[in-house]
Each structure stands twice: as C-alpha cells, then as structure tokens.
Amino acid sequence: MAFTFKNLPVDRDDLRVDVLTGLSASPKSIPPKYFYDDAGCRLFEAICRQPEYALRRTEQALMTARMPDIAAAIGHVDCIIEPGAGDCAKVRLLLDALRPAHLAVLDIAGAPLAAAAEPLSRDYPALAVTALGMDFIHDLEAATPYLPAGRRLVYYPGSSIGNFPPDAAAALLARFRLLAGTDGQLLIGFDLKKDPQRLHAAYNDAAGVTAAFNLNLLARLNRELGADFDLACFRHYAFYNPVAGRIEMHLVSLAEQDVMVAGQRVHFALGETLHTEHSYKFRCDEFSAIAGNAGWQWSAEWVQDGFAVQLYR
Ligand code: AVJ
C-alpha cells in the first residue's frame, strides 16, 4: 500500500574525509561501515553462508523458534523502526508476528534500501512503509519528523552494535531512545562471548571469503578514490582479543610501500596495520549494563547457541 522514500542529505564528504583522516592516524584505521559497497554487500552475504560463520543463521533460528514468546513480551506496537535495515529481510518475521500499521527503515545506502523496502508494502497491504536514506549514526534526529505517533519498537538485529566500542554503543543506544519516543521499546541482537577458537574460525573461514571481504575495502578505495592499493601486498589478519572481548580485523602491509589515495601519498611500513573492524562480543549482563547506561530498562532476553536477543523499555 503506502510507500514513502526520502533521501535525507548526508552533509559530509564521508568516504574521502573519513578515509584520509583514518589513514593519517596512528594506528591507521577505516570505519567498518565502508565495507558495504555493492561488492562488499555480496561478500557479506557469502560470509553468512560459510559453515564457520553461524551468527546470521543462529539469529534467524532463534527469532523463528522463539517468536511467539518474543511477540507476547513486546505486545502491541504501532510502528517498527529498523536502523541499518539493508535488504529489509530480517524484519519480516516481526511484521508477521506483530502486524504493526507502520514500518520505518533507515540506511545510509538510500537507493538499495528503497529497492528492498518497496516490495514490503506490496507483501503487507495494510502496512505503511517509510524508507529513509540517511546517516543514522551521525544524524538520527533527522528521522523524527517521519515517524508516526503511537507505540514504537526500535529493532537493531544482527550484532551490528558489536562494531561499536562500549562507550559509543551506549551513546548510539541512548540516541535510539529518540526514535522510540515515550513508551517505546528496543529489540536488539548481539553475539555472545564463546570459545575463542570458534570466534577465530568465524572470521578466518577456510574458503577465504572474510579475507576477500576485508580486502574489498582496498578495492573500493581504488575504484572510488582513485587509490592504487596493490591487494597482493596486504594480508587479511583477524583474531579474537580476549582482554578487550572483541574480534579485531586488520589489513597488514607485507612490505614497506607508498600508496596514493585521493591524491595523497600514504606510507606503510613493513608489518604496519590498517585496522578495519572491531566486532565486540558480550555476555548478557555486560550488554544490559551498556543498555542501562543508555537509559534502557531490561525486560526480557532469549539465548540460543551463542547468540542473544534482548528486549528493553
Ligand atoms: C555485520 C558487524 C555483525 O561483526 O560479525 C562479518 C561483520 N565482519 N565478518 C560481524 C563481519 C567480518 C559482522 N557484523
């Protein structure tokens, strides 16, 4: 039925500025959100099919198996809001169970989001769908004029929250309260701490798909910023850091080399790392402490095979 798409202005030259800033820092780093160009999105889907990477499959299995209970705990909602909705596949289970009148999906990649969200308004004829192409990490407030009144549920699945260090995660969850409004709830999925060998294997799959995903970041910079990274001169290196409670992904320089990026010369020493991602793993109590700092009150949780979904008010 009703479908609305708005591309809200992103008032920053994100990729160029963020990459040049990250490459001039020490240690060098690039924010993980830049993994997800078209090739990166396809590679991430391929990661989710690898036997070692169970995160997506486990969350789907949990949501399917426990949905009656989850829906009962949530109760009636008028609007579901999903930041970072991407292909809009995950929210369907919730739409089936909760039958809200309104769905708002937000993503930095506006055009693919609109393409994924439009079919939802056909498949759910009573549902009003609003797709907002926007940078919800830096400018969440821009979404509020497009959200209907009533009881809202913010849905943040997939352990995306694991990309943020605990302080930044708490800050983002605090901003989600703006989306939820008064009386709102938050349903969030995250990966649990588990056997470090299992974690290690999940980010070092035998087929090399995670390595290709990591290296695609350099290919993207070659394509979009006219950079000249030689992908054979960097090694995918991912490991679980149990002190920090996170997977760290790096691209380690195999030689001393200079690379041109957006017209600037960037020097890499032999063995120097370009840090590309943190993927934090939590215990349930650790996560509820973070959400508690953000002003959310724990109300229920579901755990299955090393993955957790928690509900907050
Ligand atoms: C999309 C952030 C949940 O951290 O597991 C997968 C991204 N990186 N393999 C994760 C990712 C390497 C993924 N998240």
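So, a few notes on the structure that sits alongside this text. Residue indices begin from 1 for each chain and proceed along its sequence in written order. Residues qualify for local features only when their pLDDT is at least 70, as the model is predicted, and side-chain atom pairs are given and counted only at 80 or more; totals for whole chains, interfaces and linings, by contrast, use all residues. To get the side-chain values, take all heavy atoms of the structure and skip hydrogens and water.

1. Section: the layout of surface pockets
Approximately 160 Å³ is the volume found for the second largest pocket. Residue lining of the second largest pocket: 15 residues in total, with A54, L55, K194, R198 and A202 positioned closest to the centre. Helix and strand definitions follow DSSP, with helices as H or I runs of at least four residues and strands as E runs of at least two, each counted in order from the N terminus. At the level of elements, α3 (55-74) and α7 (196-202) are the ones that each hand at least two residues to the lining of the second largest pocket. The greatest single-element share of the lining of the second largest pocket, amounting to three residues, is contributed by α7. The residue classification treats Ala, Val, Leu, Ile, Met, Phe, Trp, Tyr, Cys and Pro as nonpolar and Asp, Glu, Lys and Arg as charged. All others, Gly included, are polar. Of the residues in the lining of the second largest pocket, the class split is seven nonpolar, two polar and six charged. A 1.4 Å probe that fits into a set of points on a 1 Å grid over the protein atoms alone but cannot get out defines a cavity; an open set with protein on both sides within 12 Å along at least five of seven lines defines a pocket, and lining residues are those with an atom within 4 Å of a point. Grid points are joined across faces, edges and corners, and a volume is the space filled by probe spheres set on the points.

2. With respect to the nonpolar core
In plain words, nonpolar cores are sets of buried Ala, Val, Leu, Ile, Met, Phe, Trp, Tyr and Cys residues tied together by side-chain atoms within 4.5 Å. Relative accessible area decides the class of each residue, using a 1.4 Å probe on protein chains only: under 20% of the type maximum gives buried, over 50% gives exposed, and in between gives partly exposed. Grouped together as the largest cluster of nonpolar side chains are 67 residues, with contacts concentrated most on I80, L94, L187, F229 and V261. For L187, the contacting residues outside a window of four places in its chain are M63, I70, I74, L94, L153, V154, Y155, Y156, W302, V309, Q310 and L311. Core analysis: the next-biggest nonpolar cluster, separate from the first, contains 36 residues, A143, I161, L173 and F190 among them. Contacts between residues were defined by any pair of non-hydrogen atoms, one from each residue, lying within 4.5 Å.

3. Considering the site of the ligand
Around the ligand sit 13 residues, and of these Y53, G158, Y203, E277 and S279 come closest. Any pair of N or O atoms that falls within 3.5 Å is considered a polar contact. Within protein, one atom must be able to donate a hydrogen and the other to accept it, and sequence-neighbouring residues count only if both atoms are side-chain atoms. For the ligand, an oxygen atom lies 2.5 Å from a polar atom in the side chain of Y203. Between the ligand and E277 there is a distance of 2.6 Å, counted from a nitrogen atom to a side-chain nitrogen or oxygen. Mapped onto the shell around the ligand, the elements with two or more residues apiece are α2 (38-47) and β12 (273-280). Along the lines of polarity and charge, the residues of the shell around the ligand split into eight nonpolar, four polar and one charged. If even one non-hydrogen atom of a residue comes within 4 Å of a molecule or strand, that residue is called near it.

4. So, the packing of aromatic side chains
Put simply, two rings from Phe, Tyr or Trp (the six-membered ring, in Trp's case) pair if the centres are within 6.5 Å, and we call them stacked under 30 degrees between planes, edge-to-face over 60, tilted for the rest. In this structure the tally under the stated criterion is 16 aromatic pairs. Considering the side-chain rings of F282 and F287, the 5.1 Å spacing of their centres and the 80° angle between planes classify their relative orientation as edge-to-face. By the burial criterion, F282 is buried, and F287 matches it. Lysine and arginine charges are scored as sitting over a ring when NZ or CZ, respectively, is within 6 Å of the ring centre and within 35 degrees of the ring normal. For the cation-ring pair, K28 lies above F268, with the distance from its terminal atom to the ring centre recorded as 4.9 Å.

5. Things to note about the side chain of E248
Take E248: it is sitting in strand β9 (residues 246-253). Polar side-chain contacts of E248 include one of 3.0 Å to the side chain of H250. Leave out the neighbours within four places in its chain, and E248 touches Y237, A238, F239, N241, E277 and H278.

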